[in-house]
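Descriptive analysis of the structure
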Amino acid sequence: YLKMQGDYYRYAAEFADGDARTTSAQKAEMAYASGMASAAELLAAHPIRLGLALNYSVFQHEVLKKTEEAVMTAQTALNTASSDLANLPPEMQNDAVLTMQLLQDNLGLWRQ
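Now for a description of the structure that goes with this document. Just so we're clear, the structure is a prediction, and the values are computed from it rather than from any experiment. (Residues numbered from 1 in each chain as written. Predicted model: local features only at pLDDT ≥ 70, side-chain atom pairs only at ≥ 80, totals over all residues. Heavy atoms only, no water.)

Moving on, we get to the overall build of the protein. Along its length, the protein carries five helices and zero strands. When the elements of the protein are put in sequence order from the N terminus, they spell out α-α-α-α-α. Taken over the C-alpha trace, the protein has a radius of gyration of 14 Å; the compact-globule value for 112 residues is 13 Å, and the two agree within 12%. Overall, the protein is about 45 × 35 × 20 Å in size when its C-alpha atoms are taken along their principal axes. Here the protein holds 112 residues, and the buried ones make up 41% of them. A total accessible area of about 6,400 Å² is found for the protein, and carbon and sulfur atoms account for 56% of it. When the 8 positive and 13 negative side-chain charges of the protein are each reduced to one mean point, those points stand 4 Å apart. (Helix = DSSP H or I, 4+ residues; strand = E, 2+ residues; numbered from the N terminus. Rg over C-alpha atoms; globule rule 2.2 N^0.38 Å. Buried < 20%, exposed > 50% of the residue type's maximum accessible area, 1.4 Å probe, protein only. Areas by Shrake-Rupley, 256 points an atom, 1.4 Å probe, with all protein chains shown as cover. Lys, Arg positive; Asp, Glu negative; His and termini not counted. Charge placed at Lys NZ, Arg CZ, Asp CG, Glu CD.)

Notably, Lys65 is not glycine yet its phi reads approximately 60°, a positive angle. Of note, Lys65 is situated in the loop between helix 3 (47–62) and helix 4 (67–82).

Of the volumes computed, that of the largest pocket is approximately 150 Å³. In terms of lining, the largest pocket is formed by Met36, Ala39, Ala40, Ala44, Arg49, Leu50, Ala53, Thr73, Thr76, Ala77 and Thr80. It is helix 4 that contributes the most residues to the lining of the largest pocket, four residues altogether. Across the lining of the largest pocket, the residue classes break down as seven nonpolar, three polar and one charged. (1 Å grid on protein atoms, 1.4 Å probe; cavity = no way out; pocket = protein on both sides within 12 Å on 5 of 7 lines; lining within 4 Å. Points joined across faces, edges and corners; volume = space filled by probe spheres on them. Nonpolar A, V, L, I, M, F, W, Y, C, P; charged D, E, K, R; others polar.)

A separate point is the nonpolar core. Within the largest apolar cluster, 17 residues are counted, with the highest numbers of intra-cluster contacts made by Leu50, Leu103 and Trp110. The set of elements that each furnish at least two residues to this core consists of helix 3, helix 4 and helix 5 (90–110). For this core, the leading source of residues is helix 4, giving six residues. Grouped together as the second largest cluster of nonpolar side chains are ten residues, Ala25, Tyr32, Leu52 and Val63 included. (Core = buried A, V, L, I, M, F, W, Y, C linked by side-chain atoms within 4.5 Å.)

This part covers the packing of aromatic side chains. Taken as a whole and judged by the stated rule, the model has four aromatic pairs. Ring centres of Tyr32 and Phe59 lie 5.4 Å apart, and the angle between their planes is 45°; this geometry places the pair in the tilted category. One end of the pair, Tyr32, is in helix 2 (residues 18–39); the other, Phe59, is in helix 3, with 27 residues separating them in the sequence. For the pair shown, Tyr32 and Phe59 are each scored as buried. Here the aromatic rings of Tyr56 and Phe59 are separated by 6.4 Å at their centres, their planes lie at 15°, and the arrangement is stacked. Here the residue Tyr56 and the residue Phe59 both occupy positions in helix 3, the gap between them amounting to three residues, near one helical turn. Taking the relative accessible area as the measure of exposure, Tyr56 reaches 9% and is therefore buried. On the accessibility criterion, Phe59 (0% relative accessible area) is buried. Members of the aromatic cluster, connected to one another through ring pairs, are Tyr32, Tyr56 and Phe59. (Phe/Tyr/Trp six-rings, centres within 6.5 Å; stacked < 30°, edge-to-face > 60°.)

In structure tokens:
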């Protein structure tokens, strides 16, 4: 739920100006940060946790213009998930690998 809430406010912030953009960005930040705290209970390679990290890092890069924070969020998710991938049930591994690839792709773009 918190990931979807963060996404909603992220999209609102992307298309808003002025105070509306600031308010939406603050609400997205709170939702994503709460989601990341809650997701810490999941396996590091869990697709929901990885998807949250992916969307949060995109928000940090695109809306907040904090590329260093976005890189740190994405890299931390990748590092912890890599060592945890084998602990996932087989039916979740494919989704995890695909999301990890998206994180890696973003890191490649943001580090250029």
